[in-house]
Amino acid sequence: MNCLWCMEDRNNNLGWSDFFILNKQNGFCESCLSGLQQLSGKRCSLCSRMTEFEQCSDCEWWRNQFKSDPLEYNYSVFQYNSFIQEIIAKWKYRGDYVLGEVFRPYVYAAFIEKFTTQKKNLIAVPIPLSEERITERGFNQAEMLAGFLPIRQELLLQRVDGEKQSKKSRKDRITTKNPFSLEKMVKNPVLLVDDIYTTGTTLRHAARLLIESGCPEVYALTLIRG
Ligand SMILES: [Zn+2]
Ligand SMILES: [Zn+2]
């Protein structure tokens, strides 16, 4: 069996017990797995950014800018680094679907750690891609991540604006009209799922729409804190 990333044979010099351990690791060798930097230690209770404070300066900014935050909190798994950036590029932009499997146990564990108290009626809602992006890439990475969770997934949101959000400044993005529309009302608490939390704007647009439509609480689980 070869590592999905570096293509080295993962079974070199390994005994049977190692073989079973590796089988749980979804295709990356030890050396490649060690390049993934899991968030640990003190982090912002609202957005998962590593900080000494209870809340980071980004979240302070949100709180000062708006009276209420539609997002209860975001929880992320990995710190952004150049290695995960490379994996994401290959997985997401070059359509290497199977690479995403490496994230499965981490995403599942983060869910168990942080969201089990809400687990009973929580619904996973992936952040959608535009039709155009789906056609380009073949799959939505957020749907794949949501599929790793032990809860129901519903595709409640749709993109209404194809314009690339990343080209705009943060201020522009906040004042822009909501890029999502909602398929139907939802009475359950929602866990939004996406690959990366950068400014939190996208997730908050989605959260606001859900809350305004009667959803009681919105949380977010993201793979990476950018
Ligand atoms: Zn490797
Ligand atoms: Zn924060």
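A short tour of the structure in this document, coming up. (Residues numbered from 1 in each chain as written. Chains lettered and ligands numbered in written order. Predicted model: local features only at pLDDT ≥ 70, side-chain atom pairs only at ≥ 80, totals over all residues.)

## Quick word on the environment of G200
Next, step 1: Note that G200 resides in the loop between β5 (190-197) and α9 (201-212).
Next, step 2: C-alpha separation for the pair G200 and R225, spaced 25 residues apart in sequence, amounts to 9.7 Å.
Next, step 3: Not counting chain neighbours up to four residues away, the residues in contact with G200 comprise C47 and N74. (Helix = DSSP H or I, 4+ residues; strand = E, 2+ residues; numbered from the N terminus. Contact = placed C-beta atoms within 7 Å.)

## Quick word on the pairing of β5
Next, step 1: Of all eight residues making up β5, eight are buried, and the element is well covered by its neighbours.
Next, step 2: When strand β2 (residues 123-126) meets β5, the two strands line up parallel, connected through four bridges. In the strand pairing of β5, P126 is matched with V193.
Next, step 3: Where β5 lies against strand β6 (residues 218-225), seven bridges are found, and the strand directions are parallel. Counted as the bridge partner of I196 is I224 from β6. (Buried ≥ 20, exposed ≤ 12 C-beta atoms within 10 Å, placed from the backbone. Pairing = 2+ DSSP bridges.)

## Description of the pairing of strand β1 (residues 74-79)
Next, step 1: Of all six residues that make up β1, five are buried, and the element is covered over most of its length.
Next, step 2: Two strands pair when backbone bridges link them, and β1 and β6 are joined in this way by five bridges, in the parallel orientation. Directly across from S76, in β6, lies its bridge partner T222.

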